[in-house]
Amino acid sequence: MNPTPRSTELALLLVAALVTVGAYALAGLGETASLPANLLPFLFTVLGLFAVAHIVVRRFAPNADPTILPIVGLLNGLGYAVIARLDADLAGLQSTWTALAVIAFAATLIMVKRAIDLERYRYLVALAGIGLLLLPLAPGIGTTKNGARLWVELGPFSFQPGELAKLALAIFFASYLVERRELLAPGGLPTHALAARARAMGPLLAAWALSLVVMIAERDLGSSTLFFALFVGMLWMAAGGVGWPLLGAGMFAAGSLFAVSVFSHVKARIDTWIDPWSDAAGAGFQLVQATFAFAAGGTVGVGLAKGRPDRIPAATTDLIFAAIGEELGLVGSAAVIAAFMLLVAAGLRIAMRAHRPFDQLLAAGLTLILGVQSFLIIGGVTRVLPLTGITLPFVSYGGSSLVANWILVAILLRISATPAPTTRDIAARPAQQVAA
Amino acid sequence: MTERIRRMGVVLGFLFCVLLLMVTKLQLVDAEKNQNHPQNTRDLARDFGRDRGAIQTADGVVLARSEPSDDQYRLQRTYPEGALFAPVTGYLSFTYVSDGAERAFNDQLTGGTASAGDRSLKDLFQEDASSRDVTLTIRADVQKAAAAALGNRKGAVVALDPSNGDVLALVSFPTFDPNPLAGHTQADVTRAWDGFNADPNKPLLPRAYRESYPPGSTFKVVTAGAALDRQRELAEKDYPRLKQLDLPRTTKDLPNFGGGTCGGRIGDLLRVSCNTGFAQMGIDLGGQNLTAEAQAFGFGERPPLDLPAPARSRFPAVERFKGNDLGEPGLAFSAIGQQNVSATPLQMALVAAAVANNGVIMKPHVLAKVTDPKGAVTDTYAPSAWRTATSPETAAALKAMMVDVAARGTATRAQIPGATVGGKTGTAQTQGDNAHAWIITFAPAEAPRVAVAVIVESQPGLGDVTGGRIAAPIAAEVMKVALGL
C-alpha cells in the first residue's frame, strides 16, 4: 500500500527536524565544545512548530503536496541554526517570527478554503499590493536602511511591506491574466479585439512603471527585478509566445540602462559586480568577503561555528548563503540550492496538476517568486548577477519575509489540495468567467 | 498553460544549475586561489583573533598579552613593558611577520597549529586547542637593571645562569616599542615598521643574540683555554716582556694597547690582558689548536637559543692560517679576538658560562614553562648540555685566572660586595680611535649562578682599560641584582 501524502510529509518533516536540531547542536559543539544547554527545549519547539503545521495540513488540506512543508521546514531550520550561531539576539527574534509565520501559515490554510476565493477580492488585493509596495515611501513611517527605503516602522514594529506585496501582486496578476489570456495570446485577432489587446497591455506598462518606482524611489533593485520578472513570467505562462518575454526583457533592459546612466547607486552595483576587487575594502567589500568565505569553506566547510562568517557583512540576512557556504562548504551550499530546486519543482508540479487556470497560474506565479528571489540573492552573492539586497526565502533573518513566504506556501498547499471543480462549482462561478 | 509552466520549470532549473556551477567554482575550483589572495586577511584575522596566551617573566611581569578589541580581529596584542623587553618578546605584526618569543613560541601561545587543512574528527567536537601562557627564564629585575646600567649607549647585555642555561636578561639598545607593530590599522603599522627599518641604529635588531662584534680581549679566555687544553707547556711558558710584537713575515708590529709593556706566565698575561703575550701564544698554538678550541667553545655554530635566528659567531678555519691568507700574523690577531673573529654577546656570555660551569655549556634558553589557562603547567623546560667546551681542570684554572683579573687586573670594576667575581675585559678596535668595550663575568666564583656579557659599542679611547672602565660597572650591576645582593 502506498503511503498517504500526510505520512510521507510526517516522515520528511522528522528528517527536517533532525537536520535542524543536528545543525543547532553542532553549532553549539563548534562554539563551546558542549551541547547547547537549551537543546531539549529547542528540539521540542522545532517538533512543536512542525507538528502544528503538519496537523493543520492534515486537518484542513489532507491531500496537499507532501514535500513542500518539509523543504520549507528544513530551510527555515537550517537558516535559524546559522542565525543562532551568528547572533543570539536575532535568533530570539527569528524564533518568534517563525512561530508567527507558522501561525499565519495555519490561519491561511484554515481560512482560505479554495484559492479561487481569493479571486473575488482581486482589485482589493491589487490595491493592497500597490499600497504595501509604496508604503515605505510614506513620510513618517517609511524608513531607509542600508540605502534602501523598504521599511515601515510603526511604533516598536518594523516590517518590509514589499514582502507581502509580492503575494498580493501574484494573486492579482493570476486573476487578471487568466481572464485576459486570450486577448494577450499571440496570433491573429479580429480587428475589434486589437483595441482590447492594447488596453490589456496597460497593466504590463503599469508593472513596469511600478518596478521602476521601486527601483528609483526605494532604491531596491532586488524587489523591482523580482516584481518585473514575476509579471513577465506570469504573462508568458498565461498567454505564451515569445513576444511578451522579448518585450518584457527589452523593457527591463531599457529601464536598467536608464537606471544605470541616471542613478549612481545602480551604476555602483553594476561596477562592483563586474570588478569587486578594485575597491575590495569599499564598494566591493561584501562580494569580496563573500568570495573569501566560500573559499574558506571549500568542499565540506569549516564546520558550524568554526568559521568567521562574522566577517561577512549582512551575514544573517542578504549574505546568509555565503555564511552557509563557509561553514557547511560546497556540500551545504549545493544542498540549499538543491532544496530550492525541489521546492520550485514541487510548486510547478502543483501548478501543472491544478484544475483551474487561476489555480495553475497562481501556483506557478508563487513558485516563480520563490525561484526568482532565491536565484537573485544566491546569484548576487556568488557574482552570477549584480548583488541586490533581498532575502533568501525562509533562510535569511527577517520577520516580514518569513511570514509572507509561509503564507505563500500555505496558498500553494491549498491549491495542491483543491479537488477538481464539480458541476456545482462551475455553476457557482462568476458569470463573466463562464462567458470568457 | 501546463506546457508553459513545465517550460518555466526548465528555465528555472537551468538558472539553478548556473548557481550550482558558480558555487562549485567558488568553493572548489577557485578556493585555493582565493584563500591565498593578497587581500584575503582571513588567516591573519584567525591568528589575530585566536586566543593567544600571555608572555611573562620568571618573576611574574607580563610582557605580552591579548586584550579584547572591538574590531574584526577581536583581540589586540599589547606589550605593557614596551621597548624594554622587545629584544625578548619580539612582536606580532599585522604584516604577518613576527619575531622574538612571539614567533618562537607561537604554537604554545596559540595552543597549536591546527589549520583549516588538517582537521580530524576529534577536532570537530573539541574546542579549538586552547591558548597557553608562556613563562620565560628572563627576570624583569635583572633585565631592568641591565637596561638601566647600559643607559642610552648602543650595546647589549646578556645574563644567564651557567648551571642550567636560563637566560636572565637579554638587553639590546637601541630597541623599539612593539605596540605600534601590533596595531590593526595597516597604514599605522606600515609607518611604524618603515620607521624602525629606516633607523640607522637598527632598533629591531636584537643585538644580544643576532649581532656579531669582534670580541677583542675577551677572546683571550678561549686562547688561554687552548693552551691549557692542547699545549700544556705554553701554560708554563714565560712570555717575554714586550711593548710590541714583531709579527713574522710582515713589516707590521702588534702593539699593546696604550703602549704598555707586559709579559710573563699565562695568568700574568690574562690579568693585564697582554696583547703581545697572547698574540705570541696564538702563534705558538698554531691554527689547528686555536680553531679547535674556538669550535669547542661554540664558535662556528648557532647557539641553540630558543629565540629565532641567533647569529653564528665566527673563527677562521684552520686552512686560512696556512699559507699566505691569514698566516701567522692572522693567528696573532685571532688569538686576541681581532680581525676575522666575531662573536655575539650571547656567545661571549656562553664562554664565561663554560668557565663557570666546569667546562660544560648548557643550552641557552628563555623558555621556562608553559601553563594552560587554569594555571596548570603543561610543559616545563628541561635543561640539557649544549657542548663540552673544555675540561673541568682547564675550567678551574681559567676560573682562578679570571677571578684574579677581577681582583687585581683590568676588571676590578666588576667587583661586587658579597660575592667573588671572575671576569675578563675586552676592547675591540673598530674604526679610528673608537673601540667596543667588552666584559664577560661570572659570580659567585665558588658556585657561579650568573654569567654576564656586556658590550658597549664604539666608545672613545683605545686603552685596554676601556672595557674595564665602561663595561665592567654594567656587569657588576647586573650580577648584583641577579644574585640579590
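Remember, predicted model here, so these are calculated numbers, not experimental data. (Residues numbered from 1 in each chain as written. Chains lettered and ligands numbered in written order. Predicted model: local features only at pLDDT ≥ 70, side-chain atom pairs only at ≥ 80, totals over all residues.)

## Side note on the overall build of chain A
A count of helical and extended segments in chain A gives 18 helices and 3 strands. Counting the 436 residues in chain A, one finds 54% classified as buried. Long-range pairs, those at least 24 residues apart, make up 70% of the contacts in chain A with a sequence separation of at least 6. (Helix = DSSP H or I, 4+ residues; strand = E, 2+ residues; numbered from the N terminus. Buried ≥ 20, exposed ≤ 12 C-beta atoms within 10 Å, placed from the backbone. Contact = placed C-beta atoms within 7 Å.)

## Notes on the overall build of chain B
A tally of regular secondary structure across chain B gives 19 helices and 19 strands. Put simply, chain B has 485 residues, and 52% of those count as buried. Within chain B, contacts between residues separated by at least 24 positions form 69% of all contacts whose residues are at least 6 apart in sequence.

## Quick word on the sheet that holds strand E6 (residues 133-136) of chain B
Residue and element names in this part refer to chain B. Here we have 6 strands laid out as an open sheet, ordered E3-E2-E1-E6-E14-E15, and mixed in their pairing. Of all the strands in the sheet, the pair left with one neighbour each is strand E3 (75-78) and strand E15 (377-380). One ladder, built from 4 bridges, connects E6 with strand E14 (residues 367-371); its direction is antiparallel. Residue pairing in the sheet places Leu136 in a bridge with Leu367 of E14. (Pairing = 2+ DSSP bridges.)

## Here we look at the interface of chain B and chain A
Contacts between the two partners involve 35 residues from chain B, matched on the other side by 46 residues from chain A. Where the side of chain B that touches chain A is concerned, the elements lending two or more residues are helix H1 (2-29), helix H2 (31-35) and helix H3 (42-49) of chain B. Sorting elements by how many residues they give to the side of chain B that touches chain A places H1(B) first, with 19 residues.

## Quick word on the packing of helix H1 (residues 5-32) of chain A against helix H3 (residues 68-86) of chain A
Residues and elements named next belong to chain A. Between H1 and H3, the least distance of the axes is 8 Å, while the angle of their chain directions is 10°. On the basis of the axis angle, H1 is roughly parallel to H3. Every residue of H3 that contacts H1 at Glu9, Leu12, Leu13, Val15, Ala16, Val19, Thr20, Ala23, Tyr24, Ala27 and Glu31 is listed here: Leu69, Pro70, Gly73, Leu74, Gly77, Leu78, Tyr80, Ala81, Ala84 and Arg85. For the contact of H1 with H3, a count of residues per class yields 15 nonpolar, 3 polar and 3 charged. (Axes fitted to C-alpha atoms, helices over the stretch in contact; angles between N-to-C directions. Parallel < 35°, antiparallel > 145°, perpendicular 65-115°, else oblique. Nonpolar A, V, L, I, M, F, W, Y, C, P; charged D, E, K, R; others polar.)

## Observations regarding the pairing of strand E17 (residues 422-429) of chain B
Consecutive side chains along a regular strand alternate between the two faces of the sheet. Residues and elements named next belong to chain B. Across the 8 residues that make up E17, a large majority, 7, are buried. Taken together, the 8 bridges between E17 and strand E18 (residues 434-443) define a ladder with antiparallel strand orientation. From the neighbouring strand, Thr427 faces E18, where its bridge partner is Ala437. Between the antiparallel neighbours E17 and E18 lie 4 residues, among them Gly432 with a positive phi of about 60°.

## Regarding the environment of B:Arg469
Along the polypeptide, B:Arg469 turns up in helix H19 (residues 465-483). B:Arg469 sits 32 residues away from B:Ala437 along the chain, and the two C-alpha atoms are 8.4 Å apart.

## A word on the nonpolar core
Residues and elements named next belong to chain A. Of all hydrophobic cores here, the largest spans 155 residues; its most connected members are Leu230 and Met234. With 18 residues, the single largest contributor to this core is helix H14 (residues 320-353). Each residue touching Met234, except ones within four places of it in the same chain, is listed here: Phe173, Ala174, Leu177, Leu361, Gly365 and Leu368. (Core = buried A, V, L, I, M, F, W, Y, C linked by C-beta atoms within 7 Å.)

## Quick notes on the sheet that holds strand E8 (residues 167-173) of chain B
All names here are of chain B. Read from one edge of the open sheet, 5 strands run E8-E7-E19-E18-E17, paired in antiparallel fashion. One side of each edge strand has no neighbouring strand; the edge strands of this open sheet are E8 and E17. Between one strand axis and the next, the sheet turns by 10° as a mean value, whatever way the strands run. As judged from the 6 bridges shared by strand E7 (residues 155-160) and strand E19 (residues 450-460), these two strands associate in the antiparallel manner.

## Side note on helix H13 (residues 285-297) of chain A
Quick reminder: α-helices carry 3.6 residues per turn. Residues three or four places apart thus point the same way. Residue and element names in this part refer to chain A. Compared with the 18 Å implied by 1.5 Å per residue over 13 residues, the 18 Å span of H13 between its first and last C-alpha is a close match. By the criterion of burial, H13 is predominantly enclosed, with 12 of the 13 residues buried. Among the residues making up H13, those that are buried are Gln286, Leu287, Val288, Gln289, Ala290, Thr291, Phe292, Ala293, Phe294, Ala295, Ala296 and Gly297. (Expected span 1.5 Å × (residues − 1).)

## Quick look at unusual backbone geometry
All names here are of chain B. A cis amide bond, omega 0°, links Phe173 with the succeeding residue Pro174. Inspection of the secondary structure puts Pro174 in the loop between E8 and helix H9 (186-198). Of note, the bond from Ala443 into Pro444 is cis; its omega dihedral lies within 30 degrees of zero at -15°. Relative to the helices and strands, Pro444 resides in the loop between E18 and E19. Here the phi dihedral of Ser273 falls at roughly 55°; this positive angle occurs in a residue that is not glycine.

## A word on the environment of A:Ser224
Secondary-structure assignment places A:Ser224 in helix H10 (residues 221-239). With 12 residues separating them in the primary sequence, A:Ser224 and A:Leu212 have C-alpha atoms 6.7 Å apart.

## Brief notes about the confidence of the model for chain B
All names here are of chain B. Here chain B averages 89 in pLDDT, and 93% of its residues register 70 or above. Of the regions scoring below 50 in pLDDT, residues 113-128 engages in 13 contacts with residues more than four places distant in sequence or in other chains. For this predicted complex, the interface score ipTM comes out at 0.91, while the overall pTM is 0.63. (pLDDT = per-residue confidence, 0-100.)

## A closer look at the pairing of E6(B)
Residues and elements named next belong to chain B. Burial along E6 is two-sided: Asp133 and Thr135 facing one way and Val134 and Leu136 facing the other are all buried. Pairing analysis gives 2 bridges linking strand E1 (residues 55-56) to E6, with the strands arranged parallel. By the bridge assignment, Ile55 is partnered in E6 with Val134.

## Overview of the packing of helix H17 (residues 345-356) of chain B against helix H18 (residues 392-408) of chain B
All names here are of chain B. At a closest axis distance of 8 Å, the pairing of H17 and H18 adopts a crossing angle of 110°. By the angle between their axes, H17 is roughly perpendicular relative to H18. For the pair H17 and H18, the contacting residues are Ala354, Val355 and Ala356 in the first and Ala395, Leu398, Lys399 and Met402 in the second. Split by residue class, the contact of H17 with H18 holds 6 nonpolar, no polar and 1 charged.

## A short note on the confidence of the model for chain A
If pLDDT is low for a region, its predicted coordinates should not be looked at in detail. Residues at a pLDDT of 70 or more form 92% of chain A, whose mean pLDDT is 85. Per-residue pLDDT stays below 50 along residues 431-436 of chain A; that stretch engages in 2 contacts with residues further than four places along the chain or on separate chains.

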